[in-house]
Amino acid sequence: MKQYDLITENPYTALIYSANANYSDTLFRKIKYEQGIQTIYSIRNNTSNYFNQSGNDLDADPALTNKFRYRENINAAYINLAQNF
């Protein structure tokens, strides 16, 4: 029976940028007014390298090796009005 080791290398990076702005005020001295915006942008890089080791040799395993880059952009806004009765 041939024995081998499975060796993996999984570098991962994530860059996340976020900004938001909020404003609140009172209208007619009794209505609370709030508004805001937010944006988030992120980039994630993931590489999964798998190698089979037999003796001193490392052979890449193409069935398991994977690489992807994920980009996401989320934008949101809100307006809120409140009054006590």
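Residues numbered from 1 in each chain as written. Predicted model: local features only at pLDDT ≥ 70, side-chain atom pairs only at ≥ 80, totals over all residues. Heavy atoms only, no water.

> Tell me about the overall build of the protein chain, residues and numbers included.
When you go through the protein chain residue by residue, the secondary structure sums to 0 helices and 5 strands. Put simply, the protein chain runs from its N terminus to its C terminus through helices and strands in the order β-β-β-β-β. Computed over C-alpha atoms, the radius of gyration of the protein chain comes to 26 Å, more than 25% over the 12 Å expected from 2.2 N^0.38 for 85 residues, which places it beyond the range of a compact globule. Projected onto its principal axes, the C-alpha positions of the protein chain cover 85 × 20 × 15 Å. In the protein chain, which comprises 85 residues, the proportion classed as buried is 11%. Contacts in the protein chain between residues far apart in sequence, at least 24 positions, make up 66% of those at least 6 positions apart. In the structure as shown, the protein chain presents an accessible area of about 7,300 Å², 51% of it carried by carbon and sulfur atoms. Mean positive and mean negative side-chain charge positions of the protein chain (8 and 8 charges, respectively) differ by 18 Å. (Helix = DSSP H or I, 4+ residues; strand = E, 2+ residues; numbered from the N terminus. Rg over C-alpha atoms; globule rule 2.2 N^0.38 Å. Buried < 20%, exposed > 50% of the residue type's maximum accessible area, 1.4 Å probe, protein only. Contact = heavy atoms within 4.5 Å. Areas by Shrake-Rupley, 256 points an atom, 1.4 Å probe, with all protein chains shown as cover. Lys, Arg positive; Asp, Glu negative; His and termini not counted. Charge placed at Lys NZ, Arg CZ, Asp CG, Glu CD.)

> Got a sec to walk through the side chain of Asp61? Specific residues and values, please.
Its location among the elements puts Asp61 in the loop between strand 4 (57-60) and strand 5 (66-82). There is a polar contact of 3.1 Å between the side chain of Asp61 and the backbone nitrogen of Ala63. Sequence-distant contacts of Asp61, defined by excluding residues within four places in its chain, comprise Tyr50, Phe51 and Asn52. (Polar contact = N/O pair within 3.5 Å; in protein donor to acceptor, adjacent residues only side chain to side chain.)

> Give me the lowdown on the pattern of salt bridges, citing residues and values where you can.
Pairing of side chains with opposite charge becomes possible as their charged atoms draw close. Under the criterion given, the structure shown has 2 salt bridges. Between Glu34 and Lys32 there is a salt bridge, and its shortest N-O distance comes to 3.3 Å. You can call Lys32 partly exposed: its relative accessible area is 45%. Taking the shortest distance from any N to any O, the salt bridge between Arg44 and Glu72 comes out at 3.9 Å. (Salt bridge = Lys/Arg side-chain N within 4 Å of Asp/Glu carboxyl O.)

> Just give me the short version of unusual backbone geometry, but keep the residues and values in it.
A positive phi angle, close to 55°, is found at Phe28, a residue other than glycine. With respect to the element layout, Phe28 can be found in the loop between strand 2 (12-27) and strand 3 (31-54). Despite not being glycine, Arg29 shows a phi value in the positive range, around 65°. Relative to the assigned elements, Arg29 resides in the loop between strand 2 and strand 3.

> Could you give an account of a nonpolar patch on the surface, with specific residues and numbers?
A contiguous nonpolar surface patch, about 470 Å² in accessible area, is contributed by Leu27, Phe28, Ile79 and Leu81. Classification of Phe28 as exposed rests on a relative accessible area of 71%. (Patch = residues over 30% accessible without salt bridge, like charges linked within 9 Å, V, L, I, M, F, W, Y side chains within 5 Å.)

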